[in-house]
Every structure is written in structure tokens, then in C-alpha cells.
Amino acid sequence: MPHIVLVATGGTIASFAATEGGPVSAGLSGDALLQSLHAPLPGITVEVDNFTVAGSNALTLEAVHGVCRHIDARLSEPGVDGVVVTHGTDTMEESAFLARLLVRSDKPVVFTGAQRHAGQPDTDGPRNMRDAILAAAIPDLTGVGAVILFEGEIHGARHVSKVHASRVDTFRSNGHGKLGEVDEDEVHLYTRPARPRLVLDAPLLDPEVELVAAGLGSTPRYLEWCASSGVSGVVIEAFGRGNAPKGYAEAIRKLVAAGIPVILATRCTEGRTRAIYGSDGGAVTLVEAGAILAGDLSAAKARLLLAALLPTLPAGPERLALIAEAVTKV
Ligand code: ASP
């Protein structure tokens, strides 16, 4: 009989409004969530493990690093077959990406949550949670890395993102597609990620890596601030193929010269960065200035990769090459 550990961290799935029409906040334990399931679990035992009760928008890198360490510890127990993490949807794709990167065990790790809170009559939490437990109990997910189970779909953590602010079918792997789905009591895995998982042994996540989004005509002011403010790495969410506004190349050159690595991601939800365009702000110029292209890795996930890498890498010129290599392998 599969034994699944339910690591509860809060989120909308564990939230309700204390007063009619008042603010919604997290407050339910994993035990309450488990009691809300609409149908019994066929031949699966579930052990509740209450880790924290928070909105995922307010989680710190330190807390999520702790969640990943905790998942690994639980999965190292011979009697545990898989872990389900209940989590807020706002940053679920980031925590799932970190679990893919930091959890050593190959046993299934399934993140889930809800868009409609537990006090709403049509909350999506109980069904998502039941589906997630069913998915974590099948050996097919072994070696796939962390996934998100939501509205019946299974999405790999590398490509998934939250695409709708309120609808229940909010998770998509744009340009890649889902890995599988749950249909009543059946779990179907259609696809496995082609690339082997990059696993990092990060003792901590560097909280000083900043994410800067470019907009039409925006100034390099934030990058200049980063150069003088104790920031240890910068990810720029740039345009299209990885192009940015005027003045960014010079700001990147200064950051890199000061030993602060810069990764350039695209704000497009599909496709890859590539150094094609020259002139001030073109990706050719930005790469010449020292920026590393993120390929199809989102800016939010590139920031987490950099935060996991920096504490482990030697200072010095080879650092940039090691970061660039990790970006191609993740
Ligand atoms: N703010 C909530 C959170 O991320 C939203 C959710 O769970 O859907 O915790």
C-alpha cells in the first residue's frame, strides 16, 4: 500500500475569510485539508506533515529551501513512497522548480493548491489534493522531478507557470504541454522530460539576487542601483530574443566588471533568447557586455537557479562559465 506524506505549507487551499467578505488568509492545517476530500483514497495511506501555514507570496527563499530539505528527509525514509506539497499558487512554479533542483530523491514530488479558497462552496482544493495524492502514489512519476498537479493536469516544474490570476485551470507549460492527467482514479503519464534533471547541493539560497523587468524605454537606473547595493547577482527580464532598452549594455558591463553575474531572460512565455540584434540594447551587445542568456528558462526561475548556484561557486573568472553551463543543463 503506497504511503504518501502531505507537507502542508498554506496558500489559498488552506485559506478562508474570517469575516463575511473580509480578507482571505491561510489558517487551515493539513489535517483539515485531508478531511475535506470528497472520496476515499483507494489503497493509499496519507500522513499529514504540517510545515507552515502561509500565503506563498510571503514565503522566503530560506523557508522554501527548508521545505526542499524537509521533502528530501521524508523521502529518504524507506516507508515513504511520495510527497504531496500543498502550497499557494502565486509562487508554486518557483517552489516546484526549486524542489526539482534541490531534492535529491527520485521519488514523486507533487505540488498542488487551489484558486478558490476553502470557505467557498465550489473550492477546487479537495479535488486537486485527491488527484495529487493519486499521482504521488504511482511509480511512473519516479525520476520525473517535481510536478504541479492542478485541475486534473500534471505539469513538469521546469516549464510550468501560473497563467491566469483567478481561474482554476491556471497552470500551463507554454510551448511544451502537460506531462499527463488524472481521470477519476486513473493517473496517466503521457510524457517524461527528455533532459536529465540537474540536481544541486546548495547549502542555502542567496537572497541577494535581484530580478529587474525591462519595459519600453525604461532606464538602467535599477541596474545601476544593483551595482552599488550589495546585490550578488541580477536577472533581467528582457524583450523577445533577449534585447533590452538603451543604456542596459553599459550597466551590465559595470555589473559584470564588479563581479556581479547577469542573466538575460525573455519576457515571452514561449521561445528562446539568442544573440541576434546589435546596437545599443541588442542581445549581441548585452552578451558582449557579459550577460548570460537564459534560453527558455523564465526570469523567475533563472533567478532561483542563480540563487542556488552562487553559494556553491568559486569566485573568479570561471564562475560565469559555470553559471552559463548550468543554464544549459537545468
Ligand atoms: N496568495 C495565495 C498564495 O499564493 C494565492 C493562492 O494560493 O492561490 O498563497
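That block above? That's the structure.
Quick summary incoming for the structure in this document. (Residues numbered from 1 in each chain as written. Predicted model: local features only at pLDDT ≥ 70, side-chain atom pairs only at ≥ 80, totals over all residues. Heavy atoms only, no water.)

### Quick word on the overall build of the protein
A count of helices and strands for the protein gives nine helices and 16 strands. Computed over its C-alpha atoms, the radius of gyration of the protein comes to 20 Å, within 12% of the 20 Å expected for a compact globule of 330 residues. Over its C-alpha atoms, taken along the principal directions, the protein stretches across nearly 60 × 45 × 35 Å. Of all 330 residues assigned to the protein, the portion counted as buried reaches 50%. The contacts in the protein between residues at least 6 apart in sequence include a share of 73% that link residues at least 24 apart. Of the accessible surface of the protein, which amounts to about 14,300 Å², a share of 52% is contributed by carbon and sulfur atoms. Side-chain charges of the protein comprise 28 positive and 37 negative groups, with the mean position of each set lying 7 Å from the other. (Helix = DSSP H or I, 4+ residues; strand = E, 2+ residues; numbered from the N terminus. Rg over C-alpha atoms; globule rule 2.2 N^0.38 Å. Buried < 20%, exposed > 50% of the residue type's maximum accessible area, 1.4 Å probe, protein only. Contact = heavy atoms within 4.5 Å. Areas by Shrake-Rupley, 256 points an atom, 1.4 Å probe, with all protein chains shown as cover. Lys, Arg positive; Asp, Glu negative; His and termini not counted. Charge placed at Lys NZ, Arg CZ, Asp CG, Glu CD.)

### Things to note about the layout of surface pockets
Space inside the largest pocket adds up to approximately 470 Å³. In this structure, the largest pocket is lined by 25 residues; those nearest its centre are S161, C268, T269, S298 and A299. Of all the secondary-structure elements, those providing two or more residues to the lining of the largest pocket are β9 (161-162), β13 (209-213) and α8 (299-309). Examining the composition of the lining of the largest pocket, we find that three residues originate from one element, α8, more than from any other. Within the lining of the largest pocket, the residues separate by chemical class into eight nonpolar, nine polar and eight charged. For the second largest pocket, the calculated volume is near 280 Å³. If you trace the second largest pocket, you find 16 residues lining it, with H159, H176, L179, P193 and A194 closest to the centre. Of the residues in the lining of the second largest pocket, the class split is five nonpolar, six polar and five charged. (1 Å grid on protein atoms, 1.4 Å probe; cavity = no way out; pocket = protein on both sides within 12 Å on 5 of 7 lines; lining within 4 Å. Points joined across faces, edges and corners; volume = space filled by probe spheres on them. Nonpolar A, V, L, I, M, F, W, Y, C, P; charged D, E, K, R; others polar.)

### Focus: empty space enclosed by the protein
Inspection of every chain in the model, using the stated rule, returns two cavities of 30 Å³ or more. Approximately 50 Å³ is the volume found for the largest cavity. Taken together, 13 residues line the largest cavity, and the ones lying closest to its centre are S105, D106, K107, G145 and A146. Roughly 40 Å³ of internal volume is contained in the second largest cavity.

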